[in-house]
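The primary structure of each chain is shown beneath.
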Amino acid sequence: MHRSAPRLSRILACAAVPVMLVAVGCSSDSGSDAEKNAGSSSSATAAAEPTKPAVEPAKYTDLPDACSSIAKKTVQDLVPEAKKKNGTAGRSSDLSVRGSCSWNGLADQGVKGSQYRWLSVGFTRFDSDETLGSGATRATEDYTKQIAKEKASEGAKKVAAAPAPGIGDEATVITYDLTQTDEDFEYATVVARAGNVVVTLTYNGAGYAGAKTPSAADILKGAQKAAKEAVTKVDATAEAAKKDADKDSAKDEDKAGDKAGDKSAEKSDAEATPKS
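Attention in this report is confined to the structure presented alongside it. (Residues numbered from 1 in each chain as written. Predicted model: local features only at pLDDT ≥ 70, side-chain atom pairs only at ≥ 80, totals over all residues. Heavy atoms only, no water.)

Turning our attention to the overall build of the chain. When helices and strands are counted, the chain shows four helices and seven strands. For the chain, the N- to C-terminal ordering of α and β elements is α-α-β-β-β-α-β-β-β-β-α. When the 276 residues of the chain are sorted by exposure, 30% land in the buried category. In the structure as shown, the chain presents an accessible area of about 18,100 Å², 54% of it carried by carbon and sulfur atoms. (Helix = DSSP H or I, 4+ residues; strand = E, 2+ residues; numbered from the N terminus. Buried < 20%, exposed > 50% of the residue type's maximum accessible area, 1.4 Å probe, protein only. Areas by Shrake-Rupley, 256 points an atom, 1.4 Å probe, with all protein chains shown as cover.)

Looking now at helix H3 (residues 135-151). Residues spaced three or four apart along an α-helix face the same direction, because each turn holds 3.6 residues. Compared with an ideal rise of 1.5 Å per residue, which puts 17 residues at 24 Å, H3 spans 24 Å between its outermost C-alpha atoms and is within 8% of the ideal. Those residues of H3 lying buried are Gly135, Ala139, Asp142, Tyr143, Gln146, Ile147 and Glu150. Seen along its axis, H3 keeps its buried residues to an arc of 145°; they face one direction. Contacts from the buried residues of H3 go to strand S5 (170-180), strand S6 (183-194) and strand S7 (197-208). (Expected span 1.5 Å × (residues − 1). Arc of directions from axis to C-beta. Contact = heavy atoms within 4.5 Å.)

Residues Leu119, Val121 and Phe123 are the most contacted members of the largest nonpolar core, which totals 33 residues. The set of elements that each furnish at least two residues to this core consists of helix H2 (72-78), strand S2 (98-108), strand S3 (114-125), S5, S6, S7 and helix H4 (216-272). The leading source of residues in this core is H4, at seven residues. Each residue touching Leu119, except ones within four places of it in the same chain, is listed here: Ile70, Val75, Leu78, Val79, Cys101, Ser102, Trp103, Leu201, Thr202, Tyr203 and Ala226. Counting residues in hydrophobic clusters, the runner-up holds 13 residues, among them Ile147, Ile174, Leu178 and Val191. (Core = buried A, V, L, I, M, F, W, Y, C linked by side-chain atoms within 4.5 Å.)

Attention now goes to the pairing of strand S4 (residues 157-163). The side chains of a regular strand alternate, first on one face of the sheet and then on the other. Pairing of S4 with S5, which is carried by five bridges, proceeds in the antiparallel orientation. Considered in S5, the bridge of Ala161 is made with Ile174. Connecting S4 to the next strand, S5, in antiparallel fashion are six residues, including Gly166 with a positive phi near 85°. (Pairing = 2+ DSSP bridges.)

Here Ser96 is to be found in the loop between strand S1 (88-89) and S2. In this structure, the C-alpha to C-alpha distance between Ser96 and Thr124, residues 28 residues apart in sequence, is 8.6 Å. Once residues lying within four places of it in the same chain are set aside, the contact partners of Ser96 are Thr61, Asp62, Leu63 and Arg125. Polar side-chain contacts of Ser96 include one of 2.6 Å to the side chain of Asp94. (Polar contact = N/O pair within 3.5 Å; in protein donor to acceptor, adjacent residues only side chain to side chain.)

Next up on the list: the side chain of Ser114. Checked against the element boundaries, Ser114 lands in strand S3. For Ser114, a relative accessible area of 11% translates into the label buried. Filtering out sequence-adjacent residues up to four positions away, Ser114 remains in contact with Leu106, Ala107, Asp108, Gln109, Ala206, Gly207, Tyr208 and Ala211.

With that settled, the discussion passes to the layout of surface pockets. Roughly 400 Å³ of internal volume is contained in the largest pocket. Lining the largest pocket are 21 residues, with Gly122, Thr124, Gln146, Lys149 and Thr200 positioned closest to its centre. At the level of secondary structure, the elements contributing two or more residues to the lining of the largest pocket comprise S2, S3, H3 and S7. Examining the composition of the lining of the largest pocket, we find that five residues originate from one element, S3, more than from any other. Estimates place the volume of the second largest pocket at around 200 Å³. Together, 13 residues line the second largest pocket, and Asp77, Leu78, Tyr203, Asp218 and Gly222 are the ones closest to its centre. Of all the secondary structure elements, the ones that give two or more residues to the lining of the second largest pocket are H2 and H4. Counting residues per element, the lining of the second largest pocket draws most heavily on H4, at five residues. (1 Å grid on protein atoms, 1.4 Å probe; cavity = no way out; pocket = protein on both sides within 12 Å on 5 of 7 lines; lining within 4 Å. Points joined across faces, edges and corners; volume = space filled by probe spheres on them.)

Next comes the structure, spelled out in structure tokens:
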């Protein structure tokens, strides 16, 4: 009886070993499956997330000098007696982002009275931003805002807006009448967009001391002519900057080539010199 007890204990212990191994094996397999499922879930989530497209780079990185954006002859024709022939530049903390210029003058016509004219041009450039969008998109939004702003000009009468083809990527001209200093003014504002740049040009005029009010057609024609020149200057400025950059790059390459040539010549001289 006493001998059978140890033997029975050994049998029960041996029988328990496979059970424990099986339990451990099952537990290990379960953990492996869980890891695989977790990995598959993460992969599926990553695959489901769309890749955010890169923001389109801004087309223009600089602006023209506002006071030089309109030809001198055009300024002379539109504002015959301009107080400052070269214009008055507006204040700006960064001329590569925002710039403006204006001209005004009163032409005395003797007994026929006087003709007053005002011309102004403004540029605003928008950079591309991953949060705010591309420069072109931001410029388009501002273009729309500027048109709405001009339409809502205080005191404006007979407000009308129409497309202005042939000026930039898109352009709109807003015309209206406005009474100031007891005189009737004719206004024409062209809002245009060229890539990521918005150009706003205003031309207006009035007759003083009995002079006739300028015709709406003449004011409109002058505004469109000047606006086209200003917008064209945006592209011309970019082309000039590109040429300057290419010239600088070519100079750097020439300098690098000269240095390499000098080093090669020095090496050849050193090799040709007999050793003592």
